[in-house]
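# What the coordinates show
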Amino acid sequence: MSRITSGNLGFPRIGKQREWKKAIEAYWSGKLEEAELHRQLAEIRSEHWKLQKNKGIDWIPVGDFSYYDQVLDTAVMFGLVPERFEYDGGPVPLETYYAVARGSKTAAASEMTKWFNTNYHYIVPELGNREPELTANLPLQAYREAKEKLGIDGKPVVLGLYSFLKLSKGASGNLREWSQKLLPLYVRVLRELEQEGAAWIQVDEPGLVTFVSDEDLALLQDIYRTISAEVPQARILLQTYFDAVERYEEIVALPVRGIGLDFVHGREGNLQALRQHGFPGGKTLAAGVVDGRNIWRSDLPAVQAFIDEIAGLLADDSDLIIQPSCSLLHVPVSAQGEDGLPGVLKDAMAFAEEKLEEIAALRQALHGENPALLAESRQALERLNADPSRSRKNVQEAVNRIAQQPAERLSPFEIRHTEQQRVWNLPLLPTTTIGSFPQTAEVRAARQKWRKGEWTTERYDEFIREEIRTWIGIQEDIGLDVLVHGEFERTDMVEFFGEKLPGFAFTKGGWVQSYGTRCVKPPLIYGDVEFDRPMTVKETAFAQSLTSKPVKGMLTGPVTVLNWSFVRSDLPRETVAYQIALALRKEVEALEEAGITMIQVDEPALREGFPLKPADRGAYIDWAVKAFKITTSSVRDTTQIHTHMCYCEFHDMIDAIRDLDADVISIETSRSHGELIQSFEENTYPLGIGLGVYDIHSPRVPSEEEMMAMVRRALQVLDPKLFWINPDCGLKTRGREETVAALKNMVSAAKRSREAI
Ligand code: GLN
Ligand code: ZN
C-alpha cells in the first residue's frame, strides 16, 4: 500500500451557535435581505473550511453545505422544481427553493422523509413532467469559492445519480428513462469539476447499502461505465455509508478511482467482504473508521490496529484515505463548550471538531508518529467505563433476569378487554386524544421563569395544576370519553423523562439538524439507567382527582427514548433499551398504584431504529417489542395499556404492532390512510385501535362529515367493538380555539357514527 491521507465527508452546517439557523429564519421572517443571507452563510462556510484545514484534514469536502437540504439542492441543480410551483427554467430563485421545502401560499411543500436510518430528514425530489436541465453547477461553485478564498483544494461532493433516483418520487418503474435524462447533466457536472482541477470528486451513493436488485445493479453499472467513458480523467470516489455495501464484488469493480466504505456501521459486512474478495489494485480505499453518528471518542489505538489490518489487505498500489464513517452532519459541532457536564463524561465525548482531530491523529500515527491523542483517547474511555454510573449492579442483574424471561400480560387480550369494559363501561367508538394540549406562550414563559428561579417550584406547580384543571373542564364539556392531563409540564417527550432518570445527561450546545432549520438536542445516555422517583404520578393523579372519567397516564416508551438519544456504545442497544424499559415499568406500576388504570406508552420512534438491511430487521423488532412489553406487562388485567405511533409507514410492521399486545393503539394516518387500511384488509387486527381521524399538523378545523368518512372507511376493515376515535397525534402545537372546535366536531362525528352502526 502506498499513500495514506485523511479526509472528511461533510461538516455540520448549522454552526457552533446555530448561526445558520438564525440567519435563514431571519431571512424567512423578512428581517434579513437576501444579499445579507448569502454573505452570512458564505462566512459560516468559510469558517468550516478553515477549521477543517487547521485540524489537518487533507480532503476537505466542498458542496456539502446547503441552504436547507442537500437532496433538495441536487433536485434544484437539475431544475426539478415540482410543477405546482411557478418556475420557467434557469437558475432557481431562492424564494422558489424555500417554497419547495416549506410550501407557499398556493402550493404544498414537497414531502419530507427520513434520510436512511438517521434522524435527518430530506426533501423528496419529485420527478414529473419537467425536463431536467443543469441550472447551476453547485459543487463547482463551492470548489471555486474554497480555492479562491482560502486556497483550499476541496473535494466536491455530489449526490450520486443512482441514490438520487432511488430517493425520488415518480421515478419508480422508469428509473432507466430518468437515468438517461439526468446522466448527461451529471457528466457535465463531473467534467467541469475535473477540468477545474478537482483531485477527487466524492459521489455519494448511500443507496448501495440497502437492497440492490439485479436490475439496480445493471443500472448502476451503466451509469458508472458511461461516466467513466465520458469523463475518463475524473477521479471519482464512490462513497457509501450507514451500513455495509451490498454486492461488494461488483461495486468495487466499478470503473471509479476510489471506493468509500463505512467500517463503523457496516464493519462486519465490509470487513468480511474485503477479506474474502480483496480490493482491486490501483484503487483508493476511503475507510470510514471514526463513528460519524455518535458523540463518543474513538478508542484510537484500537482503530489504529484495525486500520493496519485493512491496510494489510490492500495491494501495494492502493492508497488509503482515513475518514469518518459518514458526513459529520449527524453530530453536533464542538464539544468544547460542554463544561456543565461531569469531567469524566466530557472527556469521553467527540463532536465533529474532535472527530476531525481523531482522523488527523490517526493519520499521523500511521505515518509513524505517536500523537498524544491516541493514548489519551483510550484513557478517557477507560475512565468513563470505570465510572460508578456504569456499574449499577442491581440494574445489570435485573436486566439480565428480565432478558431471560417472557414479558407477557397475565391474561390474553379477550379476557382483559372484557374485564376493562366491566370497569369502565365505555361506549362503542370511544373518543380520546393523544396526550398533549396546546403549549401556549404562557405555558412556555412559566417554565422559563421557574427554570431561571424567578418562580418557586410551588408557584410553577400551581400554574401547571391550573392548566390541568382548565383542560379537564374543557374535555368534560366537549364530552370526550377518555381524558388526558395535557402534558403542560413537559417540553420534550424524551427530555422530560431523561432529566429524571439517572444515566442521562444533557449538553448545552449539542444540536444537530433534524430537517430544514429545525435542530434537536438529543440527550446522552451514558450510564446505567434506573428508576429513581415517580415522574408523572403527581400531575396524572391530580387530573384524575378532578373527574369521574378515566384519565390516561402518559409515558414515552423505551424504544423512542433510545432512538432519540445519543446512546453509550459499550453496551448493545438492546441492553440499554431493556434498562430504560425496566425504569419505565416502575413508573407504570407507580401510576397503577396511584389509581391510574389507563396508561399510554408512546412509541412514535419505534420504526426509526429499523435497520437498513431487511435481514437485520427481525432481530431489531424482537428486542424493540420486548422492551415495550417489559414496560407494560406487569399490570393487572383491568389496567388498560395504550400506545401511540406516528411519523411513519406502518404497513410492513403490522405484525410487530400486534405483538406489542397493547390493549389500544392509536396511529397517525392522515398521510398514509389508504395504505394502512389496505394492510389491515390483509391482516386482521384483533386489539383496540384508533386510526387518527384528523391531521393535527394544520390549524384547519375538520368537519364532522370528513371525520365520519374516515371512520366509515376504517370500519370496513376493523371491528367496531375495538375501534377508537382520536386525532392523529398530540395537540401541543395547536391553538386553543381550533383544538376545541376540532374536538367538538370529532365527538359529534363519533356520536353519529355510533348511531350508524
Ligand atoms: N403523547 C405525546 C403528545 O401528545 C405524543 C407525541 C408524539 O407522538 N410525537 O404530544
Ligand atoms: Zn404522534
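Residues numbered from 1 in each chain as written. Chains lettered and ligands numbered in written order. Predicted model: local features only at pLDDT ≥ 70, side-chain atom pairs only at ≥ 80, totals over all residues.

The name given to the chain in an unreviewed UniProt entry is 5-methyltetrahydropteroyltriglutamate--homocysteine methyltransferase, with Paenibacillus faecis as the source organism. One UniProt comment on the chain, placed under Catalytic activity (unreviewed entry), says "5-methyltetrahydropteroyltri-L-glutamate + L-homocysteine = tetrahydropteroyltri-L-glutamate + L-methionine". In its Pathway (unreviewed entry) section, UniProt records this for the chain: "Amino-acid biosynthesis; L-methionine biosynthesis via de novo pathway; L-methionine from L-homocysteine (MetE route): step 1/1." (UniProt positions renumbered as here; feature names shortened; annotations may be inferred.)

This part is about the UniProt feature "binding site: Zn(2+) 1" (unreviewed entry) in the chain. On the UniProt side, "binding site: Zn(2+) 1" (unreviewed entry) is annotated at positions that read His644, Cys646, Asp659, Glu668 and Cys729 here. Take His644: it is sitting in strand E19 (residues 640-645). Ignoring any residue separated from it by four or fewer positions in sequence, one finds His644 in contact with Ile434, Gln600, Asp602, Pro604 and Ser666. Among the secondary structure elements, Cys729 is positioned in the loop between strand E22 (723-724) and helix H27 (736-756). (Helix = DSSP H or I, 4+ residues; strand = E, 2+ residues; numbered from the N terminus. Contact = placed C-beta atoms within 7 Å.)

Spatially, the 8 strands line up as an open sheet ordered E1-E10-E9-E8-E7-E6-E5-E2, and their pairing is parallel. One side of each edge strand has no neighbouring strand; the edge strands of this open sheet are strand E1 (4-6) and strand E2 (61-62). Across 3 bridges, the pairing between strand E7 (residues 236-239) and strand E8 (residues 258-262) is parallel. Bridge pairing in E8 places Leu237 opposite Gly258. (Pairing = 2+ DSSP bridges.)

A word on the nonpolar core. Of all hydrophobic cores here, the largest spans 221 residues; its most connected members are Ile201, Ala287, Ala577, Ile580, Ala624, Ala627 and Met746. Once you skip the residues sitting within four places of it in the chain, Met746 turns out to touch Thr431, Val693, Tyr694, Met707, Ile725 and Pro727. (Core = buried A, V, L, I, M, F, W, Y, C linked by C-beta atoms within 7 Å. Buried ≥ 20, exposed ≤ 12 C-beta atoms within 10 Å, placed from the backbone.)

Around ligand 1, the surrounding shell holds 13 residues, and the nearest of these are Ile434, Gly435, Ser436, Pro604 and Gly730. Tallied by class, residues from the shell around ligand 1 come to 6 nonpolar, 4 polar and 3 charged. (Near = placed C-beta within 6 Å. Nonpolar A, V, L, I, M, F, W, Y, C, P; charged D, E, K, R; others polar.)

Once that is clear, we can look at the UniProt feature "active site" (unreviewed entry) in the chain. With numbering matched to this structure, UniProt assigns "active site" (unreviewed entry) to His697. Of note, His697 is situated in the loop between strand E21 (688-691) and helix H26 (704-715). Residue class for His697 comes out partly exposed when judged on the 13 C-beta atoms lying within 10 Å of it.

Summarising burial for strand E9 (residues 284-290): 7 of the 7 residues are buried, a large majority. Inspection of the sheet shows E8 paired to E9 by 5 bridges, in the parallel sense. Residue pairing across strands places Ile259 opposite Leu285, the latter belonging to E9. What joins E8 to E9 is helix H10 (residues 267-277), and the crossover it makes is right-handed. Relative to strand E10 (residues 320-324), E9 runs parallel, the two being bridged by 5 bridges. (Right-handed = clockwise from strand over helix to strand, strands pointing away.)

Further remarks concern the sheet that holds strand E17 (residues 566-567). Judged by pairing direction, the sheet is mixed, and its 3 strands sit side by side in the order E12-E15-E17 without closing on themselves. Unpaired on one side and paired on the other, strand E12 (504-505) and E17 mark the two borders of the sheet.

Further remarks concern the pairing of E21. Where a strand is regular, its side chains alternate between the two sheet faces. Neither face of E21 is left uncovered, since the one carrying Gly688 and Gly690 and the one carrying Ile689 and Leu691 both have all their residues buried. The pairing of strand E20 (residues 664-667) with E21 spans 4 bridges and is classified as parallel. Considered in E21, the bridge of Ile665 is made with Ile689. Here 2 bridges tie E21 to E22, and the two strands are oriented parallel to one another. Looking at the pairing, Gly690 lines up with Trp724 of E22. Following the backbone out of E21, through H26 and into the adjacent parallel E22, one traces a crossover that is right-handed.

Tracing the sequence through the fold places Glu353 in helix H13 (residues 352-366). Residue contacts for Glu353: discarding those within four places in its chain leaves Leu51, Lys55, Val333 and Ser334.

Here the focus is the packing of helix H17 (residues 441-451) against helix H18 (residues 457-478). One can describe the packing of H17 onto H18 by two numbers: an axis separation of 9 Å at closest approach and a directional angle of 165 degrees. With respect to H18, the axis of H17 lies roughly antiparallel. Note that H17 runs across H18; the crossing there is left-handed. Residue-level contacts link Val443, Ala446 and Trp450 of H17 to Thr457, Tyr460, Phe463 and Glu467 of H18. Class assignment of the residues belonging to the contact of H17 with H18 gives a composition of 5 nonpolar, 1 polar and 1 charged. (Axes fitted to C-alpha atoms, helices over the stretch in contact; angles between N-to-C directions. Parallel < 35°, antiparallel > 145°, perpendicular 65-115°, else oblique. Left-handed = near helix turned anticlockwise from the far one by under 90°.)

As a further point, take helix H8 (residues 214-230). Taking 1.5 Å of rise per residue, the 17 residues of H8 would be expected to cover 24 Å, and the 24 Å separating its terminal C-alpha atoms lies within 8% of that figure. Among all positions in H8, only Leu220, Ile223, Tyr224 and Ile227 are buried. Seen from one end, H8 has its buried residues packed into an arc of 85 degrees, which puts them on one side. Of the exposed residues in H8, those oriented more than 90 degrees away from the buried face are Asp214, Glu215, Ala218, Arg225 and Ala229. Residues of H8 that are buried sit in contact with helix H6 (161-167), helix H7 (175-196) and E7. (Expected span 1.5 Å × (residues − 1). Arc of directions from axis to C-beta.)

Our next topic: helix H1 (residues 19-28). When we look at burial in H1, the residues that qualify are Trp20, Ala23, Ile24 and Tyr27. The arc that holds every buried residue of H1, seen down its axis, measures 90 degrees, which confines them to one face. Looking at the packing, one finds that the buried side of H1 touches helix H2 (34-54). Looking one or two residues beyond H1, the residue adopting positive phi is Gly30, at roughly 85 degrees.

All right, on to the packing of helix H15 (residues 393-404) against helix H22 (residues 573-593) then. Where H15 meets H22, the closest approach of the two axes is 10 Å, and the angle between their N-to-C directions is 100 degrees. Looking at the two axes, H15 sits roughly perpendicular to H22. Every residue of H22 that contacts H15 at Val395, Ala398, Val399, Ile402 and Ala403 is listed here: Thr575, Tyr578, Gln579 and Leu582. Counted by class, the contact of H15 with H22 contains 7 nonpolar, 2 polar and no charged residues.

At Arg247, a residue that is not glycine, the phi angle is positive and equals roughly 50 degrees. The partly exposed category is assigned to Arg247, around which 17 C-beta atoms lie within 10 Å. In this model, Glu487 sits at a positive phi of 60 degrees, which is unusual for a non-glycine residue.

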